[in-house]
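# A closer look at the structure
Now for the letters of each chain:
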Amino acid sequence: MSSPNLSWVLAAEDPQRLAGFYAALLECPKEQGFSGSHWIVDLAGGCRLEIYRPSRQRPFPQQGRALAPCLRLAPSQAPLKHLQQQLPAWIALGATLIEPARLEAFGAEVWLADPEGNPVLVVQPFAHATF
């Protein structure tokens, strides 16, 4: 299994526009991610800023809490099952569950809080997801 990737995720009302802003501001390339509501700005050193419109299945993050680290796990045939299996280990490390793991169009995601209460998004795409 490959190592997970770490990026930053930013909730936005208009992800394409905000990606264009950050790409121009930081002089970095941008590309469409999982969908038209998910854009990626490639930053120096292999880091990424992932800008997305949150799923209608969850509330929009409050201003000031819309930026969080995003841990992207290797693609899986059963991403929801895998995230649910990993939760006890993450909780044992000090994480708390903000929102239950759920299936989305691209795979699965779960929102955790680190031991100091900061939000962390863990994403696992379907094995066939491309971007």
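See above for the structure.
This write-up is about the structure you can find in this document. Since we're looking at a predicted model, the values are computed, not measured.

## A look at the packing of aromatic side chains
A complete count under the given rule lists two aromatic pairs for this structure. Residues F34 and F106 carry aromatic rings whose centres are separated by 4.7 Å and whose planes lie at 15 degrees to one another, so their mutual orientation is stacked. Of this pair, F34 sits in the loop between β2 (30-32) and β3 (38-42) while F106 sits in the loop between β6 (96-103) and β7 (107-113), placing them 72 residues apart in sequence. Relative accessible area serves as the criterion here: at 23%, F34 is assigned to the partly exposed category. Note on F106: relative accessible area 18%, which makes it buried.

## Considerations on the pattern of salt bridges
Following the criterion strictly, the structure yields seven salt bridges and no others. Across the salt bridge formed by E13 and R53, the nearest N and O atoms sit 3.7 Å from each other. Placement of the pair is E13 in the loop between β1 (5-11) and α1 (15-26) and R53 in the loop between β4 (48-52) and β5 (67-72), with a sequence separation of 40 residues. Among the residues examined, E13 registers a relative accessible area of 58% and is labelled exposed. Residue R53 is classed as partly exposed on the basis of its relative accessible area of 22%.

## With respect to the sheet that holds β4
The eight strands lie next to each other as β2-β3-β4-β1-β5-β8-β7-β6, forming an open sheet whose pairing is mixed. Either end of the sheet is taken by a strand with one partner, and the two such strands are β2 and β6. Here the strands of the sheet are splayed against their neighbours by 25 degrees on average, with no regard to which way each runs. Bridge count for β1 against β5 is six bridges, and the pairing is antiparallel. Note that in β5 the partner of S7 across the bridge is C70.

Calculation criteria
Residues numbered from 1 in each chain as written. Predicted model: local features only at pLDDT ≥ 70, side-chain atom pairs only at ≥ 80, totals over all residues. Heavy atoms only, no water. Phe/Tyr/Trp six-rings, centres within 6.5 Å; stacked < 30°, edge-to-face > 60°. Helix = DSSP H or I, 4+ residues; strand = E, 2+ residues; numbered from the N terminus. Buried < 20%, exposed > 50% of the residue type's maximum accessible area, 1.4 Å probe, protein only. Salt bridge = Lys/Arg side-chain N within 4 Å of Asp/Glu carboxyl O. Pairing = 2+ DSSP bridges. Axes fitted to C-alpha atoms, helices over the stretch in contact; angles between N-to-C directions.

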